[in-house]
Amino acid sequence: MPFSPPRRPSAPTAPAWAALLTLLTIGALTGCGAPPELRDPTGVPTGASSPRPSGPTDVATGTPSTAPTAPPPATGAATPEPGLVATTCRNGPTGQRVVQLLRGQASVLPDNVRVRVRTGPLCAGDWQYTVLEVTGHEELQVVTQGGPTALQLVTAGTDVCTIEVRATGPAGIRTLACDPSPAVGPGA
């Protein structure tokens, strides 16, 4: 068999190009449609009130075919999610209860050291944040969890922004424990 050089594929013919171009055009025109900002013929920016009623409209006349729907009635003030903000504990532990935990079960403070509650406890959800002045030592920040009778120590020290506090603590406690702030007070 004699050697024959490889053949180059022939270029598409004009009808093939026309068919390909037609398919691409049809695909582009039957896509998702115009972007939302181009669909509104009045040009009203998103979020602004529209003079047009909501609901179905008669295409021939452009008038509503049914009465526009009214917005849902207000149900009163929105209640923030518990834990977003730390506030003075109403039903949580007292500062004395936090000190008792640190001196007793947690064994963080010896009995002979003098302690004064400087801030808190501040509650967010079932977590608490307390700052203690310890005579002869730096301030002691304390993060606890649970009610007054079932109080558990999460962490205590000069830096209480631990992985547990960042990962599972409510936003109000994370803000107090992890955000640098010169003064901490109720409602932080």
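Residues numbered from 1 in each chain as written. Predicted model: local features only at pLDDT ≥ 70, side-chain atom pairs only at ≥ 80, totals over all residues. Heavy atoms only, no water.

Caption draft 1: Geometry of the overall build of the protein chain. Looking only at helices and strands, one finds 5 helices and 5 strands in the protein chain. When the helices and strands of the protein chain are read in sequence order from the N terminus, they spell out α-α-β-α-β-β-β-β-α-α. In the protein chain, the share of contacts with a sequence separation of at least 24, taken over all contacts with a separation of at least 6, comes to 41%. Surface exposure of the protein chain reaches about 13500 Å², of which carbon and sulfur atoms provide 59%. (Helix = DSSP H or I, 4+ residues; strand = E, 2+ residues; numbered from the N terminus. Contact = heavy atoms within 4.5 Å. Areas by Shrake-Rupley, 256 points an atom, 1.4 Å probe, with all protein chains shown as cover.)

Caption draft 2: Quick look at the sheet that holds strand 4 (residues 140-145). Overall, antiparallel pairing links the 5 strands, which are arranged 1-2-3-4-5 in an open sheet. A strand with exactly one partner marks an edge of an open sheet, and here the two such strands are strand 1 (87-88) and strand 5 (152-157). Judged from the 5 bridges that link them, strand 4 and strand 5 form a sheet pairing that is antiparallel. Looking at strand 5, one finds that Thr 144 is bridged to Leu 153. Of the strands in this sheet, strand 2 (115-124), strand 3 (127-134) and strand 4 are in contact with helix 5 (residues 171-178), which crosses strand 3 at around 25 degrees. (Pairing = 2+ DSSP bridges. Axes fitted to C-alpha atoms, helices over the stretch in contact; angles between N-to-C directions.)

Caption draft 3: Spatial organisation of the environment of Gly 95. By the element assignment, Gly 95 lies in helix 3 (residues 95-103). Apart from the residues within four sequence positions on either side, Gly 95 is in contact with Val 117 and Pro 121.

Caption draft 4: Up close: unusual backbone geometry. In this chain, Gly 120 is followed by Pro 121 through a cis amide linkage whose omega measures 0 degrees. Within the fold, Pro 121 resides in strand 2.

Caption draft 5: Highlighting the pattern of salt bridges. Under the defined criterion, the tally for this structure stands at 2 salt bridges. Here Arg 116 ties to Glu 133 by a salt bridge, and the two come within 3.1 Å at their closest N and O atoms. Taken together, the positions of Arg 116 in strand 2 and Glu 133 in strand 3 put the pair 17 residues apart, joining distant regions of the chain. Arg 116 gets classed as partly exposed once you look at its relative accessible area, which sits at 48%. Of the charged contacts, one joins Arg 118 and Glu 139 as a salt bridge, the two residues approaching to 2.4 Å between their closest N and O atoms. With a gap of 21 residues between them, Arg 118 in strand 2 and Glu 139 in the loop between strand 3 and strand 4 connect regions that are remote in the sequence. Under the relative-accessibility criterion, Glu 139 is labelled partly exposed at 36%. (Salt bridge = Lys/Arg side-chain N within 4 Å of Asp/Glu carboxyl O. Buried < 20%, exposed > 50% of the residue type's maximum accessible area, 1.4 Å probe, protein only.)

Caption draft 6: How the structure looks around helix 3. Three or more residues of helix 3 are buried, namely Gly 95, Val 98, Val 99, Leu 101 and Leu 102. Seen along its axis, helix 3 keeps its buried residues to an arc of 155 degrees; they face one direction. Each element contacted by the buried residues of helix 3 is listed here: strand 2, strand 3, strand 4 and strand 5. (Arc of directions from axis to C-beta.)

Caption draft 7: Quick look at the side chain of Thr 155. Structurally, the position occupied by Thr 155 is in strand 5. Residue Thr 155 is classed as buried on the basis of its relative accessible area of 13%. Excluding residues within four positions of it along the chain, Thr 155 makes contact with Gln 141, Val 142, Val 143, Val 160, Thr 162 and Val 165.

Caption draft 8: A look at the state of the cysteines. In the structure shown here, the tally under the stated rule is 2 disulfides. What pairs with Cys 89 in a disulfide is Cys 123, and their sulfur atoms sit 1.8 Å apart. Every disulfide takes its handedness from the sign of the S-S torsion; for Cys 89 and Cys 123 that torsion is 105 degrees, giving right-handed. Highlighted residues: Cys 89 in the loop between strand 1 and helix 3 and Cys 123 in strand 2, separated in sequence by 34 residues. The same class applies to Cys 89 and to Cys 123, which are both buried. A sulfur-sulfur distance of 2.0 Å marks the disulfide that ties Cys 161 to Cys 178. Measuring the twist about the S-S bond at about 100 degrees, one finds the Cys 161-Cys 178 disulfide to be right-handed. One end of the pair, Cys 161, is in the loop between strand 5 and helix 4 (163-168); the other, Cys 178, is in helix 5, and 17 residues separate them in sequence. Residue Cys 161 is classed as buried on the basis of its relative accessible area, which comes to 18%. The cystine pairing of the protein chain, numbering bonded cysteines in sequence order, is 1-2, 3-4. (Disulfide = S-S within 2.5 Å.)

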